[in-house]
Amino acid sequence: MSERRARLPDLPARRRLGLRERIAARTERWSRRRQGAERWPSAITRRRLYILPTRAGLGFAVLLLGMLLAGLNYANSVALLVAFVLGGFMLVAMNLSHRNLLGLVLESLTLPPAFAGDSARLSLRLRNPSNLPRHAVRARVGGHEATLDTLPPGESGVVGLDLAAPRRGRHPVPRISLSTEYPFGLFRAWTWVHVTETLLVYPAAHGDRPPPLTASDHDSGTQGLAGGNDEWAGLRPFRDGDSPRQVAWKAYARGAPLLVKEYTGRSARTLRFDYETLTGLDREQRLEQLARWIVDAEASGARYGLTLGTLRFPEQRGAAHRHRCLEALALHV
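Structural notes, computed from the coordinates. All figures in this text were calculated on a predicted structure; none of them were measured in a lab.

**Details of the overall build of the chain**
The helix and strand tally for the chain stands at eight helices and 17 strands. Across the 333 residues that make up the chain, the buried fraction comes to 39%. With an accessible surface of roughly 19100 Å², the chain has 56% of that area assigned to carbon and sulfur atoms.

The following block contains the structure:
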């Protein structure tokens, strides 16, 4: 009996700790049932719009109520007039906040893959089909937020958000909140965007082991994936995972965007990356080393293949081949 009594005081604390999380989970399930999964494009209708007063709005309402009661108590017509005028102002502010989101079209969502440890860039494209501009539309997801200051009539705009990508794999995207407090900050109108897209996270491109040697390497006595006797091909935009050693730092110092050097002359050279040959490393370290080799091989223009358990990718090159290999590493179990 004494042990049971000693445990009783802990129960309310446990309930308090999980109360906010349970409310948030139930609210999300309710909104998903009400709205369903997002379809592109889709318009923000009245059914999916919600509005509540902000803290400033609640304070304004309390002040307005006090002024109304004082005017009634003292039969002060001036106080009553001001109270009614401010009440009308508050109703107009509520209507403008609601209208600022109503009718916006969610055109598309893009979420390119990212490497573990980096951040993924989520881009949500909005279109304003009305003849009125939209102002201060704020998007929020996973603790990150961004604001679209102005969206002119008939035009489209993109809201960019950063998502954390802590580990490899395919991860669901949390629901996105679109909100506004325009024009006076008295009301907050918002809607939820439930997306079905997932975030693909590649393994981090880490590792310092040299790539496997080929017959051409032994004949020429070269190692590595760039430089040597290769011919200069030009510069291309920087992609996530590119080695810093291949960045054109001199061009970047002159004000150019971040570019990567490309070489040709290795069209006859092929590389085969095999998971089983990386002895002495654990699973994640092997995947990270393979990702490093793939990124460097693609940057140098070499042809490369990947052997990952029962999966075998032939020796090719190109952005699509790079993605297929890195995707296989990301989803490896």
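**Here we look at the sheet that holds strand S6 (residues 134-141)**
In any sheet, the strands associate via hydrogen bonds between backbone groups, in a parallel or an antiparallel arrangement. The five strands are arranged S2-S11-S10-S6-S7 in an open sheet whose pairing can be described as antiparallel. Looking at which strands have only one partner, the edges of the open sheet turn out to be strand S2 (50-53) and strand S7 (144-151). Across this sheet, the average inter-strand angle for adjacent strands is 25 degrees, counted without regard to direction. By the bridge criterion, five bridges tie strand S10 (residues 176-180) to strand S11 (residues 187-193) in an arrangement that is antiparallel. Following the sheet pairing, Ser 179 is matched in S11 by Trp 190. Helix H4 (residues 77-101) rests against S2, S6, S10 and S11 of the sheet, and its axis sits at about 20 degrees to S11.

**So, helix H3 (residues 55-74)**
Taking 1.5 Å per residue as the helical rise, H3 with its 20 residues ought to reach 28 Å, and the 29 Å between its terminal C-alpha atoms agrees with that figure. When H3 is considered as a whole, its buried residues turn out to be Gly 57, Phe 60, Leu 64 and Gly 71. Looking straight down H3, one finds that the buried residues subtend no more than 60 degrees of arc, so they occupy a single side. Among the exposed residues of H3, those pointing more than 90 degrees away from its buried face are Arg 55, Val 62, Leu 63, Leu 69, Asn 73 and Tyr 74. Turning to H3, the residues buried within the fold contact S2 and H4. Among the residues trailing H3, Ala 75 stands out with phi positive, at a value near 50 degrees.

**A closer look at the packing of aromatic side chains**
All chains considered together, the criterion is met by six aromatic pairs. Here the aromatic rings of Tyr 50 and Trp 190 are separated by 5.7 Å at their centres, their planes lie at 35 degrees, and the arrangement is tilted. Here Tyr 50, found in strand S2, pairs with Trp 190, found in strand S11; they are 140 residues apart in sequence, far enough to count as distant. For Trp 190, a relative accessible area of 14% translates into the label buried. With a centroid separation of 6.2 Å and an interplanar angle of 55 degrees, the aromatic rings of Phe 60 and Phe 89 are classed as tilted. On the criterion of sequence distance, the pair formed by Phe 60 in helix H3 and Phe 89 in helix H4 is long-range, its members being 29 residues apart. For Phe 89, a relative accessible area of 32% gives the class partly exposed. In textbook terms, an aromatic cluster arises when at least three aromatic residues are bridged by ring pairs, as seen for Phe 60, Phe 89 and Phe 184.

**Quick word on the nonpolar core**
Core analysis: the biggest nonpolar cluster contains 33 residues, and Leu 111, Leu 122, Leu 126, Ile 176 and Leu 178 have the highest contact counts within it. Secondary structure elements with two or more residues in this core: strand S3 (105-110), strand S5 (119-127), S6, S7, strand S8 (156-164), S10, S11 and strand S12 (198-202). Ranked by residue count, the leading element in this core is S5, at four residues. The next biggest cluster of nonpolar side chains, apart from the first, holds 25 residues, and it includes Trp 293, Leu 308, Cys 325 and Ala 328.

**Some details on the pairing of S5**
Judged by which residues are buried, S5 turns out to be one-sided: Ala 120, Leu 122, Leu 124 and Leu 126 face inward and are buried, whereas Ser 119, Arg 121, Ser 123, Arg 125 and Arg 127, on the alternate face, are not. Relative to S5, S3 runs antiparallel, the two sharing five bridges. In the strand pairing of S5, Thr 110 is matched with Ser 123.

**What about a positive patch on the surface?**
On the surface, a cluster of positive charge is contributed by Arg 22, Arg 26, Arg 29 and Arg 33. Position of Arg 22 among the secondary structure elements: in helix H2 (residues 10-35).

Rules used in this analysis
Residues numbered from 1 in each chain as written. Predicted model: local features only at pLDDT ≥ 70, side-chain atom pairs only at ≥ 80, totals over all residues. Heavy atoms only, no water. Helix = DSSP H or I, 4+ residues; strand = E, 2+ residues; numbered from the N terminus. Buried < 20%, exposed > 50% of the residue type's maximum accessible area, 1.4 Å probe, protein only. Areas by Shrake-Rupley, 256 points an atom, 1.4 Å probe, with all protein chains shown as cover. Pairing = 2+ DSSP bridges. Axes fitted to C-alpha atoms, helices over the stretch in contact; angles between N-to-C directions. Contact = heavy atoms within 4.5 Å. Expected span 1.5 Å × (residues − 1). Arc of directions from axis to C-beta. Phe/Tyr/Trp six-rings, centres within 6.5 Å; stacked < 30°, edge-to-face > 60°. Core = buried A, V, L, I, M, F, W, Y, C linked by side-chain atoms within 4.5 Å. Patch = residues over 30% accessible without salt bridge, like charges linked within 9 Å, V, L, I, M, F, W, Y side chains within 5 Å. Salt bridge = Lys/Arg side-chain N within 4 Å of Asp/Glu carboxyl O. Lys, Arg positive; Asp, Glu negative; His and termini not counted. Charge placed at Lys NZ, Arg CZ, Asp CG, Glu CD.

Scope: geometric values only; no functional claims are made or implied.
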